[in-house]
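Report on the structure
Chain by chain, the residues:
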Amino acid sequence: MTRINNIVIFISLLLVSQNLLRDLQLEEQRVGDLRNRIVGARLQKDGISPYFYKWKKGESVRYYDPLNEDGWKVSACTASPFFHTLLCPVTELPYTAASRLWVFVLYTLLIATTILAMLLCKKAALPIACFICVSFTFTETWLDTIVTKQSYLFIPFFAMLVYFFIKKGSTDKWLYIPAGMFSIFLFLTRPTTIFFFLPLIFIHKKYNASNKLFFFLPVLLGLIITLSTSQSVLWRDYFKSVNEHIKIHQGLNPAPQLNDKGDFSEIEGFKTEGYRNNVTRKYKAYVEYSNFFVIINLISGYKISPRLLSLCCAAVMLTCTVLFYRIQKKKAVEISPEAVLLLGYCLYMISDLGAPIYRGHYNAVQWLFPLLLVPATFQARYLWLYLLMLAALLLNIHYKPFLPMQHALAEYIWLASFLVYAFIYRENATMHGPPVQRGIFRL
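Residues numbered from 1 in each chain as written. Predicted model: local features only at pLDDT ≥ 70, side-chain atom pairs only at ≥ 80, totals over all residues. Heavy atoms only, no water.

So, the state of the cysteines
- Tallying each qualifying case throughout the model produces 0 disulfides.
- Residue Cys130 stays outside any disulfide, its sulfur separated by 7.2 Å from that of Cys133, the closest cysteine.
- Residue class for Cys130 comes out buried when judged on its relative accessible area of 5%. (Disulfide = S-S within 2.5 Å. Buried < 20%, exposed > 50% of the residue type's maximum accessible area, 1.4 Å probe, protein only.)

Structural data, given as structure tokens:
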């Protein structure tokens, strides 16, 4: 088995390297959303709130973002203040260098998330992790992430780090410190990930006082720093800007503003119209939205209001949580942390699909975390569910004109299959050997 695994890893690295070379050309297609992240980070670094900033004629290209040339008062900047802080290492790079470096950052996150899953899975399941990693680089969601230079891959990466250190913390309580640290990283990167953590209440009895302290200290420290520094003002502007973006996406009279337009032919060495090469000529973007409000409108013609949409999402999440608890409590064994985290991630993805803001196909990259939980939790008795997840993955590879809304279908298959997996998953007693000491979770 070790020899086979080595061969699988070698072949996987070759295929990933090949796609990396492809994506280094694909990123040249357009400026992408990385620009507004970098501009936001620069503004924040220079003491300027980025969320309602608009470039004006006479200013340098340092703060210029072509996506910010619209008729709205709110900025195109949508990343959180914390994420802007994370971008500090690339903030001052010329945009040509930052754009190419971003491809390597995305591949590093993908490979690192896969390695963390491999470290937690049995040797027999290692090829599954490699297959998911390689297949992901062929999906439309991955290609869209490269072209738009998006940052949603940080969500599954941080989620996997949280799971990894919680898992390892059962034998070394000090590892609950990085588990808590990456929990606050995840929350501050995207506040709606709070839903990922809420189901942990179901296993609160497995907590141990000292381990709870190790876990929650970095969480509390992160919140205190956020609320007691200048970042608190930025967070206030961030949430105000979110409300304005909702108005834009829902056509609810957002605040207009006459803004200047730049006439730059290039931005720090990157052509504003992008570049043409063998890969960009062949690539054709397929735009499709999986939001609840889009699907509801397509099926019924009804335009649901943001408030009703939020109530419906809350009802769906509450129903899923109640079903989970009732089904899991009927079992003769304790609820496993894997089942709880799967439920939590599905709740987060329900909030994501239920957002009143159009979500690009790059958002689907967030499904990487539960996909890589498959090799970490693999049991043959759930093969039928794994086949459903595989079908959704294949739907995400290459656009098929005969199948309308194939990407939305893939996301909803993933949502349904991972919810069912959370409901019925039971940890195999032979998977992890004899019981270990009590920690935040007994794993």
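Side note on the nonpolar core
- In this structure, Trp142, Met389, Phe418 and Tyr421 are the most contacted members of the largest nonpolar core, which totals 119 residues.
- Setting aside chain neighbours within four positions, we find Met389 in contact with Leu371, Val374, Trp414, Ser417, Phe418 and Tyr421.
- By size, the runner-up hydrophobic cluster in this structure holds 8 residues, among which are Tyr51, Ile184, Trp235 and Tyr238. (Core = buried A, V, L, I, M, F, W, Y, C linked by side-chain atoms within 4.5 Å. Contact = heavy atoms within 4.5 Å.)

Overview of a nonpolar patch on the surface
- A surface patch of nonpolar side chains, amounting to about 540 Å² of accessible area, comprises Ile7, Phe10, Ile11, Leu14, Leu15 and Phe138.
- Mapped onto the secondary structure, Phe10 falls in helix H1 (residues 2–26).
- The class for Phe10 is exposed, based on a relative accessible area of 52%. (Patch = residues over 30% accessible without salt bridge, like charges linked within 9 Å, V, L, I, M, F, W, Y side chains within 5 Å. Areas by Shrake-Rupley, 256 points an atom, 1.4 Å probe, with all protein chains shown as cover. Salt bridge = Lys/Arg side-chain N within 4 Å of Asp/Glu carboxyl O. Helix = DSSP H or I, 4+ residues; strand = E, 2+ residues; numbered from the N terminus.)

What about unusual backbone geometry?
- In this model, Asn253 sits at a positive phi of 55°, which is unusual for a non-glycine residue.
- By the element assignment, Asn253 lies in the loop between helix H12 (231–250) and strand E1 (266–267).
- Here Asn253 falls in the exposed class, since its relative accessible area comes to 71%.
- Backbone geometry places Glu268, a non-glycine residue, at a positive phi of 50°.

With respect to the packing of helix H5 (residues 95–120) against helix H8 (residues 154–169)
- In the contact formed by H5 and H8, the axes pass within 10 Å of each other and the chain directions differ by 30°. In terms of axis orientation, H5 runs roughly parallel to H8. Helix-helix and strand crossings are classified by hand; for H5 and H8 the assignment is left-handed. Counted together, Trp102, Val105, Leu109, Ala112, Thr113, Leu116, Ala117, Leu119 and Leu120 of H5 and Phe154, Pro156, Phe157, Met160, Leu161, Tyr163, Phe164, Lys167 and Lys168 of H8 form the full contact between these two elements. (Axes fitted to C-alpha atoms, helices over the stretch in contact; angles between N-to-C directions. Parallel < 35°, antiparallel > 145°, perpendicular 65-115°, else oblique. Left-handed = near helix turned anticlockwise from the far one by under 90°.)

With respect to the packing of aromatic side chains
- Considering all chains together, one arrives at 42 aromatic pairs under this definition.
- Pairing Phe82 with Phe185 gives two aromatic rings, centres 5.2 Å apart and planes at 50°, and the pair type is tilted. One end of the pair, Phe82, is in helix H3 (residues 81–86); the other, Phe185, is in helix H9 (residues 176–189), with 103 residues separating them in the sequence.
- The rings of Phe82, Phe83, Trp102, Phe154, Phe157, Phe158, Phe164, Phe165, Phe182 and Phe185 are connected pair by pair, giving a single aromatic cluster. (Phe/Tyr/Trp six-rings, centres within 6.5 Å; stacked < 30°, edge-to-face > 60°.)

Some remarks on the confidence of the model for the protein chain
- The predicted model of the protein chain has a mean per-residue pLDDT of 91, with 96% of residues at 70 or higher.
- In this model, residues 430–443 is a region of pLDDT below 50 whose contacts with residues beyond four sequence positions or in other chains number 46 contacts. (pLDDT = per-residue confidence, 0-100.)

Considerations on helix H18 (residues 383–395)
- Helix length check: H18 (13 residues) gives 18 Å between terminal C-alpha atoms against 18 Å at 1.5 Å per residue, within 8%.
- Within the sequence span of H18, burial applies to Leu385, Tyr386, Met389, Ala392, Leu393 and Leu395.
- The inward-facing, buried residues of H18 abut helix H6 (126–136), helix H17 (368–377) and helix H19 (406–424). (Expected span 1.5 Å × (residues − 1).)

Some thoughts on the side chain of Arg22
- Along the polypeptide, Arg22 turns up in helix H1.
- Here Asp23 takes part through its side chain, which lies 2.7 Å from a polar atom of the side chain of Arg22.
- Discounting residues that sit within four places of it in the chain, Arg22 has contacts with Tyr107, Thr137, Phe138, Trp142, Leu143 and Val279. (Polar contact = N/O pair within 3.5 Å; in protein donor to acceptor, adjacent residues only side chain to side chain.)

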